[in-house]
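Breakdown of the fold
Letter by letter, the chains look like this.
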Amino acid sequence: MPGFLVRILLLLLALLLLGPTRGLRNATRRVFEIAYSQDRFLKDGQPFRYISGSIHYSRVPRFYWKDRLLKMKMAGLNTIQTLPGSCGQVVGSPSAQDEATPLSEWRANYNSAGSNITDAFQIQRKCEPKGPLINSEFYTGWLDHWGQPHSTIKTEVVASSLYDILARGASVNLYMFIGGTNFAYWNGANSPYAAQPTSYDYDAPLSEAGDLTEKYFALRDVIQKFEKVPEGPIPPSTPKFAYGKVSLEKLKTVGAALDILCPSGPIKSLYPLTFIQVKQYYGFVLYRTTLPQDCSNPTPLSSPFNGVHDRAYVAVDGIPQGVLERNRVITLNITGKAGATLDLLVENMGRVNYGAYINDFKGLVSNLTLDSNILTGWTIFPLDTEDAVRSHLGGWEHHESGRHGETWAYSSSNYTLPAFYVGNFSIPSGIPDLPQDTFIQFPGWTKGQVWINGFNLGRYWPARGPQLTLFVPQHILMTSAPNTITMLELERAPCSSDGPELCAVEFVDRPAIGSSQIYDHLSKPVEQRLMPPPPENKDSWLEHV
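Residues numbered from 1 in each chain as written. Predicted model: local features only at pLDDT ≥ 70, side-chain atom pairs only at ≥ 80, totals over all residues. Heavy atoms only, no water.

1. Section: the environment of Tyr36
Keep this limit in mind: Going along the chain from the N terminus, every DSSP run of H or I of four or more residues is numbered as a helix, and every run of E of two or more is numbered as a strand. Burial classes follow relative accessibility: with a 1.4 Å probe on protein chains only, a residue under 20% of its type's maximum area counts as buried, one over 50% as exposed, and anything between as partly exposed. Working rule for contacts: check all heavy atoms of both residues, and any pair within 4.5 Å makes them a contact.
Its location among the elements puts Tyr36 in the loop between strand S1 (32–35) and strand S2 (40–43). Take Tyr36: its relative accessible area is 42%, and that puts it in the partly exposed class. Tyr36 sits 93 residues away from Pro129 along the chain, and the two C-alpha atoms are 9.4 Å apart. Once residues lying within four places of it in the same chain are set aside, the contact partners of Tyr36 are Lys130 and Gly131.

2. Some thoughts on the packing of aromatic side chains
Heads up, the condition is: In this scheme Phe, Tyr and Trp rings, the latter by its six-membered ring, pair at centre separations within 6.5 Å, and the angle between planes marks the pair as stacked below 30 degrees, edge-to-face above 60, and tilted otherwise.
Taken as a whole and assessed by the stated rule, the structure comprises 25 aromatic pairs. With centroids separated by 6.1 Å and ring planes inclined at 55°, the aromatic side chains of Trp142 and Tyr202 adopt a geometry described as tilted. Highlighted residues: Trp142 in the loop between strand S6 (134–139) and helix H7 (155–167) and Tyr202 in the loop between strand S9 (194–195) and strand S10 (212–213), separated in sequence by 60 residues. The class of Tyr202 is buried, set by a relative accessible area of 2%. Seen from their ring centres, Phe439 and Phe471 are 5.8 Å apart, and the 45° between their planes marks the pair as tilted.

3. Comments concerning helix H6 (residues 117–127)
We count it as follows: It is the directions from the helix axis to the C-beta atoms that the arc portrays. Any N or O atom pair separated by 3.5 Å or less is treated as a polar contact, with the protein-specific requirement of one donor-capable and one acceptor-capable atom, and with residues adjacent in sequence counted only for side-chain atom pairs.
Those residues of H6 that sit buried are Ile117, Ala120, Phe121, Ile123 and Gln124. All buried residues of H6 project into a common sector of 155° when viewed along the axis, lining one side. With a side-chain oxygen positioned 3.1 Å from the backbone nitrogen of Thr118, the residue opening H6 is Asn116.

4. A look at the sheet that holds strand S17 (residues 319–325)
In plain terms, the rule: Should DSSP find at least two bridges between two strands, the strands are taken to pair. To obtain each axis, a line is fitted to C-alpha atoms, and for helices this fit is confined to the stretch in contact; angles are then taken between N-to-C directions over 0 to 180 degrees.
Strand order in the open sheet made by the six strands is S12-S24-S13-S19-S16-S17, with antiparallel pairing throughout. A single partner strand is all that each edge strand has here, and the edge strands are strand S12 (267–269) and S17. Here the average twist between neighbouring strands, direction ignored, is 25°. Taken together, the three bridges between S12 and strand S24 (residues 378–383) define a ladder with antiparallel strand orientation. The residue of S24 that forms the bridge with Ser269 is Trp378.

Listed below in structure tokens is the structure:
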């Protein structure tokens, strides 16, 4: 496994270090090699060790790639590690991890801040006696999971461990240096099944929004003790703007919008089909059948083999019944008459992308039973939410008007039917340098998906947390026309068609995922300021890099 990692890393280093601006003639004269007899890398014949940081470009808007990379360079990094795609956790192959207990223990120890670095590298030497010492995934923080506290690792612990690694002459990759965002449906999950939220902040040196943190400057100070750090100003944290509250109105329930969400029509099947079988690779599928018996009294609807992957929002004749959830709720009592329509809107919450359970099929992956009898005769609707939001939103109001009947107005004490909501806001005029980054929060909302101007920001779930706000990068906002917010609320909205409550979201200038302090330069925290001012000369720091 270490040799495999070295080969992959060598390929990446070669691509990075040869440089795209040099001609082929110059590039062929450059050499990068492993000097096993000297326990080091050689770059152009000279001793070299990499100090690298991980950035997953798919988690950072292209608009901000230059900003993030320059900040990484100014921290003293001489190498960048990246991955082609998004996933919640990236480590070595599971088979390699299980090859030997010492190797597994070594990985667990040497990756973690606060561990005994000397002992960890001694274990590495048992597996690989010669060659450069390497920590290819030194964790600066950790990822989050819905329903668990925001993960953090103290700055002083990370800095101390990094010092110990560098003091031994080792190469290191800081995973992550910036985590970024799992936009749209691209979050992953771990086993036992635990989905990760939209934010991949990771408590990294650069925040999810690319802002400078105390940890950034502490690690920069450590690196500076061993290697030359570029001189000149560091790109500042980007300014944020609180655009305030935006009201939304309900458009349609998912059930009432099936002609828009599934224009090609449903698929018929005796038994449920998985997402893959109906060529739906993310998002939502609606499964529909009829009740074969009278359920005037509460009757158990069950997934006896834990086959709901991952959450199913259940309704009978347009009346919400509750939620089935993988590993948590496999039985739900429902009521309805024989012949009533049973709908299950199933959400893919993110695939397991590591370990023995990586083949993580979605949808109804096994039969459901009603009072222990297998349900059959399914009509299956793969939902194209992206195309519907981008292309058909403007016409939705014209499909139905008014209160849309009982299925539109009904809500139980705990649930409303999954439905789409829409609102608009304009960027304030007369303010320079707008639009700016912002964060959207969801007072009173429960769980769902949100789009701005057709861009899928990701999942919100303030009812479970820890993430309460979603990062909104400036490049998706407009000043030339109103900005459109579209929400798919799956469980319960803060308003109903027959109540006085208002549906609203709010744009704020601070994230709510944990308690980290943001800095716009070396010594001035901006915790008490509503919005950091833009730098006096926007491009001045570019001249130094």
